[in-house]
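Descriptive structure summary
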Amino acid sequence: MTDSATMPAPPDRQPPAMRMLTAVGVVLFLAGAALPVLLAPHDWFALVRWAGLALILVAGLRGRSLTYWIFFGMLLGGEIGLDRPLVAEHLRVLSDIFLRLIKVIVAPLILGTLVTGIAGHGNLRAVGRIGVKSLVYFEIVTTLALFIGLGAINISRAGEGLVMPAVAGTAAALNAEPLRWDEFLLHIFPENIAKSIAENQILQVGVFAVLFGIALARVPETKRLPMLKFCESLTSTMFSFTNLVMYFAPVGVGAAMAYTVGHMGISVLLPLGKLLLTGYAALISFLLLVLLPIALFARLPLARFFRAVVEPATIAFATSSSEAALPRAMESMEAFGVPRRIVAFVIPAGYSFNLDGSTLYLALASVFVAQAAGIHMSWPQQLLMVFTLMLTSKGVAGVPRAVLVVLLATASAFHLPTEPIFIILGIDALMDMARTAVNVTGNCLACAVIARWEGELDNNPGIPAQ
């Protein structure tokens, strides 16, 4: 699944003249931002930046995507923060409104998606060995992805260059006593699900949803279907709710950027390039250190598998949408030699439980937020956060900008500040392409591995011409 699955028309559908206008606007803005560093500051540098923003705005009036407007909002907010820091201070209320709207989504969305993802695939005994093997494989691979994300951000320390203003949540986290293991173990089990939802205790909601989904899968179909339909309806409604809230994202992100830059200056943007490079390096490492050895261990024909997966992965990269790549991925894996009944189970299940690229990035981004806040997280704390992410990241892949939802849930659970998350959203579109392509590639590989594990992979099928 994707983090931006239902966006409006992507930018590459725009007329060439509009794309050129956007490129010129970006160049003007970057030039106006770079020249004061190289030369003595002048007022006309700000005019160059505003001219660039005006061109980007005009180019975006022809049905640009939400990603485009988030990017524009980030640039506009940064410019307001530089030119009018006093005005920028009062814009924080807009980012706080956006934050509240996102937080209210988290608990019901995770509850609905986890229950649907577990019970919707039927009784685990009914799906038999394929279901058990798939879930075991998914959890092992996504856990490795989380650890690679943790390792990458601890090596690069990209967030340490981003010093955020002190906030109450940060001070509380710095002064909090370490949580003992028995306290944590007790804390993850809810005593009242309504109370857990009201207090936004996401880990407790996730544990309840997992147990509830397993219990629901065990009851007779006549009693399971009404509750399952309710959870599916809840999930669809929360997806729609998220779509509505995300239309406010450009305003929320722009206001957060304006407030942050107004307090700290343009230096706040510099760590983002380091985070972007860290993210891409981690995703490439995951492909080479995890997925490639798995393919070799399963004795898959690599050249033929590459030909089968390259088109759906390219579609996912270009559109940032796993849904757009889903039909071609299923066709390609069936042509690769995976039986249709395995394809029909593993790939849809993987879209809920095997989001390798997204889970890797969540681990990386969560520690980035802590580093930006000046909060040192020990390895036990980071491992605890990984366990939380393993639960909260399941099943929300169909939500546009699901990374934002899960990051905010994780930040709330670990008392981390939210300001760095809005800064991350400025480069989320670039990360979304890569992690979505890795999600699709990982699910195609899982499909082939499960077929090999079952001894049902056809070694000599024909692959349609690409």
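We now turn to the structure provided with this report.

The rules behind each value
Just so you know, the residues in each chain are numbered from 1, in the order the chain's sequence is written. The predicted origin of the model limits local features to residues at a pLDDT of at least 70 and limits the giving and counting of side-chain atom pairs to 80 or more, whereas totals for whole chains, interfaces and linings rest on all residues. The side-chain quantities take in all heavy atoms of the structure and omit both hydrogens and water. A run of H or I in DSSP becomes a helix once it reaches four residues, and a run of E becomes a strand once it reaches two; helices and strands are each numbered from the N terminus. To estimate the expected span of a helix, subtract one from its residue number and multiply by 1.5 Å. For every residue, the accessible area (1.4 Å probe, protein chains only) is compared with the maximum for its type, and the residue is labelled buried under 20%, exposed over 50%, or partly exposed between those bounds. Salt bridge criterion: a side-chain nitrogen from Lys or Arg within 4 Å of a carboxyl oxygen from Asp or Glu. The nonpolar core is taken to be a set of buried Ala, Val, Leu, Ile, Met, Phe, Trp, Tyr and Cys residues, with the residues joined through side-chain atoms within 4.5 Å. Any two residues having at least one pair of non-hydrogen atoms within 4.5 Å are treated as being in contact. A residue counts toward a patch only above 30% relative accessible area and without a salt bridge, and it is joined to like-charged neighbours within 9 Å or, for Val, Leu, Ile, Met, Phe, Trp and Tyr, to nonpolar neighbours within 5 Å. Residue exposure ignores everything except the shown protein chains as possible cover, and the areas themselves are Shrake-Rupley values with a 1.4 Å probe. Under the pairing criterion, centres of Phe, Tyr and Trp rings, with the six-membered ring standing for Trp, must be within 6.5 Å; the plane angle then separates stacked pairs below 30 degrees from edge-to-face pairs above 60, leaving the rest tilted. Here, a charge over a ring means that NZ of Lys or CZ of Arg falls within 6 Å of the ring centre while also lying within 35 degrees of the ring normal.

Between its terminal C-alpha atoms helix α17 (residues 356–372) stretches 24 Å, which fits the 24 Å expected from 17 residues at 1.5 Å a residue. α17 sits mainly inside the fold: 17 of its 17 residues count as buried.

Another point: the pattern of salt bridges. Per the stated rule, a full pass over the model turns up four salt bridges. The salt bridge involving arginine 49 is made with aspartate 83; its shortest N-O contact spans 3.5 Å. Here arginine 49 is found in helix α2 (residues 43–59), whereas its partner aspartate 83 is found in helix α3 (residues 66–83), with 34 residues between them in sequence. Between lysine 133 and glutamate 454 there is a salt bridge; the shortest N-O distance is 2.7 Å. In this pair, lysine 133 is assigned in helix α6 (residues 124–156) and glutamate 454 in the segment after α21 (428–453), connecting sequence segments 321 residues apart.

This next bit is on the nonpolar core. Met333 and Val338 are the most contacted members of the largest nonpolar core, which has 120 residues in total. A per-element tally of this core places helix α5 (residues 92–119) first, with 13 residues. Excluding anything up to four places from it in sequence, methionine 333 contacts Phe305, Val338, Val343, Ile347, Cys444, Cys447 and Ala448.

Let us look at unusual backbone geometry. The backbone phi angle of arginine 157 is positive, close to 50 degrees, even though this residue is not glycine. Along the chain, arginine 157 turns up in the loop between α6 and α7 (168–175). Taking relative accessible area as the criterion, arginine 157 reaches 38% and is therefore assigned partly exposed. Phi at arginine 299 takes a positive value of approximately 55 degrees, unusual for a residue other than glycine. By the secondary structure assignment, arginine 299 is in the loop between α13 (270–297) and α14 (302–319).

Looking at the secondary structure, you find alanine 448 in helix α21. Along the chain, alanine 448 and aspartate 458 lie 10 residues apart, while their C-alpha atoms are 9.9 Å from each other. Excluding residues within four positions of it along the chain, alanine 448 makes contact with Leu300, Phe305, Met333, Phe336, Val338 and Leu457.

Time to look at a nonpolar patch on the surface. Together, Ile284, Leu287, Leu288, Leu289, Leu292, Leu296 and Leu302 line one region of the surface with nonpolar side chains, adding up to about 620 Å² of accessible area. It is α13 that contributes the most residues to the nonpolar patch, six residues altogether. Looking at the element boundaries, leucine 292 is found in helix α13.

This part is about the packing of aromatic side chains. Under the definition given, this model contains six aromatic pairs. Their ring planes at 90 degrees and their centres at 5.6 Å tell us that tryptophan 69 and phenylalanine 72 sit as a pair that is edge-to-face. Residue tryptophan 69 and its partner phenylalanine 72 are located together in helix α3, separated by three residues, close to a single helical turn. Overall, the relative accessible area of 10% leaves phenylalanine 72 in the buried class. With 6.3 Å between their ring centres and 50 degrees between their planes, phenylalanine 98 and phenylalanine 248 make a pair best called tilted. Of this pair, phenylalanine 98 sits in helix α5 while phenylalanine 248 sits in the loop between α11 (221–246) and α12 (249–264), placing them 150 residues apart in sequence. Judged by relative accessible area, which is 0%, phenylalanine 98 ranks as buried. Residue class for phenylalanine 248 comes out partly exposed when judged on its relative accessible area of 24%. Chaining the aromatic ring pairs together yields one cluster made of Tyr68, Trp69 and Phe72. Between arginine 304 and the ring centre of phenylalanine 336, over which it is positioned, the NZ or CZ distance is 4.7 Å.

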